[in-house]
Amino acid sequence: MRRSTAATPGDQAPDAPGHRPVLLHPLIENLQPRPGQTAVDGTAGAGGVTAALAGRVRPGGRVIAIDRDPDAAATLRQRFAGDPAVRVVHGDFADMESIAATCGVTTADCVALDLGVSSMQLDTAARGFSFMLDGPLDMRMDPGSGDTAAAIVNTYEEDALATLLRELGDERFARQIAREIARRRSQAPLHTTRQLRDAVEASIPRRAWPKRINPATRTFQALRIAVNRELESLERGLQAALHILRPGGRLGVISFHSLEDTLVKNALHVAATACLCPPQQSHCTCAHRATISLVNRKVILPDADELAANPRARSARLRVAEKLADGT
Ligand SMILES: C[S@@+](CC[C@H](N)C(=O)[O-])C[C@H]1O[C@@H](n2cnc3c(N)ncnc32)[C@H](O)[C@@H]1O
């Protein structure tokens, strides 16, 4: 029987607010959390994955639920108030080992990373993530730290802006968009998502607008990744996750665009490879050894039911790895 990748009632808490997790069922089935175990949810968001993990580790187990967004952490605290299995921490999953240590935890049985932004973040105009809503050009997941998107848009050299849009947004009109932004900001700085969207739309000839996405999608993605240093966090977070897992423990990562997925794929591939010497070299000199095995050789994608039920699932990809017995 074909099994839907959409959440099953058992994995989805009935009152999950605001955000419907993607690939929840295959994530939980692959992580295999069991009663008494310790799980880390590095991207707790609205708590859908946390609730599903908590449902599996009870009784006796616990979930450390991390989110770098203080609003998400506050909502999670309310949602799981009085639940001794869940400990909510505001922080970056790149720091999961020190965060876990503050909870008295040194090893975990599973780690979940469900990357990107939540529906609550996208749907709140004041956070500045969405080109669909007019709001301040912010995009910080943690508004308490780092530069806003407005700071980047208004201060980067035109060339640096074009490079950022091309490298982090895969934007083919990067140069034209950067030029238009530079032209507009020379008159007055750009402060809102609407102003940025207008600048992007004015830069791309109408006949070249993408068919299925808004022309501003790639620019917003690139800025969001830069503002939150998402790739740096992911690189550090993957190493931290592989380090904190006990032998036999599992990591599941859901990514939503190719930059993330490529980074995850490459990091897991390196960690699963015994020797990194060039193939033509006759004997190994690198001393590298495999610390994980890949649970699924092929990436796990949402099925048709989930794609029909949740448009966010379109670009989702799940990769799962298991720490080897001698992988410490
Ligand atoms: C796709 S949502 C996760 C949704 C969540 N799995 C659920 O079931 O509701 C991504 C969340 O991860 C958080 N996030 C992204 N990068 C993070 C990082 N480096 N450290 C901690 N949280 C992060 C975002 O703030 C957002 O709330």
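Provided above is the structure to which this section pertains.
Residues numbered from 1 in each chain as written. Predicted model: local features only at pLDDT ≥ 70, side-chain atom pairs only at ≥ 80, totals over all residues. Heavy atoms only, no water.

**Examining the pairing of strand β2 (residues 62-67)**
Heads up, the rule is: Classification of residues uses two cut-offs on accessible area relative to the type maximum, computed with a 1.4 Å probe and protein chains only: under 20% is buried, over 50% is exposed, and between them is partly exposed. Secondary structure elements are defined from DSSP: runs of H or I of at least 4 residues count as helices, runs of E of at least 2 residues count as strands, and each element is numbered from the N terminus. Any two strands are treated as partners once DSSP identifies two or more bridges connecting them. With strands facing away from the observer, any crossover in which the path from the first strand over the helix to the second runs clockwise is taken as right-handed.
When you tally the buried positions in β2, you get five out of six residues, the bulk of the element. Of the pairings in the sheet, the one linking strand β1 (residues 38-41) to β2 comprises four bridges and is parallel in character. Its bridge partner lying in β2, Thr 38 is registered against Arg 62. Taking the sense of rotation as the criterion, the β-α-β connection linking β1, helix α2 (residues 48-57) and β2 turns out right-handed. Bridge count between β2 and strand β3 (residues 86-90): five bridges; the pairing is parallel. Each residue of the ladder has a partner; that of Val 63, found in β3, is Val 86. What joins β2 to β3 is helix α3 (residues 70-79), and the crossover it makes is right-handed.

**Some words on helix α12 (residues 258-271)**
Selection rule: The length a helix should cover is 1.5 Å for every residue beyond the first. Here the arc refers to the set of directions running from the helix axis out to each C-beta atom. Contacts are residue-level and defined by heavy atoms, with any inter-residue pair within 4.5 Å sufficient.
Over its 14 residues, α12 runs 20 Å from end to end, which matches the ideal 20 Å to within 8%, given 1.5 Å per residue. Looking only at α12, the buried set comprises Glu 260, Asp 261, Leu 263, Val 264, Ala 267, Leu 268 and Ala 271. Projection of α12 onto a plane perpendicular to its axis shows the buried side chains occupying an angular sector of 160°, all on one side. Each element contacted by the buried residues of α12 is listed here: α10 (217-227), α11 (230-244), β5 (245-255), β6 (292-294) and β7 (317-323).

**Describing the pattern of salt bridges**
Pairing of side chains with opposite charge becomes possible as their charged atoms draw close. Put simply, the rule reads: Any Lys or Arg side-chain nitrogen located within 4 Å of an Asp or Glu carboxyl oxygen qualifies as a salt bridge.
Going through the model one piece at a time under the given rule, you end up with 17 salt bridges. For the salt bridge of Arg 246 with Asp 109, the shortest nitrogen-to-oxygen distance reads 2.5 Å. Here Asp 109 lies in strand β4 (residues 108-114) and Arg 246 lies in strand β5, a separation of 137 residues in the sequence. Judged by its relative accessible area of 14%, Asp 109 falls in the buried class. Close ionic contact of Asp 261 with Arg 317 constitutes a salt bridge, the shortest N to O distance being 3.4 Å. One end of the pair, Asp 261, is in helix α12; the other, Arg 317, is in strand β7, with 56 residues separating them in the sequence. Take Arg 317: its relative accessible area is 31%, and that puts it in the partly exposed class.

**Description of the site of the ligand**
Heads up, the condition is: Neighbouring residues are identified by heavy atoms, a residue being near a molecule or strand if any of them is within 4 Å of it. Whenever a nitrogen or oxygen atom comes within 3.5 Å of another N or O atom, the pair is scored as a polar contact, on the condition that within protein one atom can donate a hydrogen and the other can accept it, and that pairs from neighbouring residues in sequence are kept only if both atoms are in side chains. Only the protein chains shown count as cover for residues, and the accessible areas themselves come from Shrake-Rupley with a 1.4 Å probe. Polar here means any residue outside two lists: the nonpolar Ala, Val, Leu, Ile, Met, Phe, Trp, Tyr, Cys and Pro, and the charged Asp, Glu, Lys and Arg; Gly therefore counts as polar.
The immediate surroundings of the ligand are formed by 25 residues, with Ala 46, Asp 67, Phe 93, Asp 114 and Gln 121 found nearest. One nitrogen or oxygen atom from the main chain of Phe 93 is found 2.9 Å from a nitrogen atom belonging to the ligand. One of the side-chain nitrogen or oxygen atoms of Asp 114 is found 2.7 Å away from a nitrogen atom of the ligand. Protein coverage of the free-state accessible area of the ligand, which is 610 Å², stands at 99%. Tallied by class, residues from the shell around the ligand come to eight nonpolar, 11 polar and six charged.

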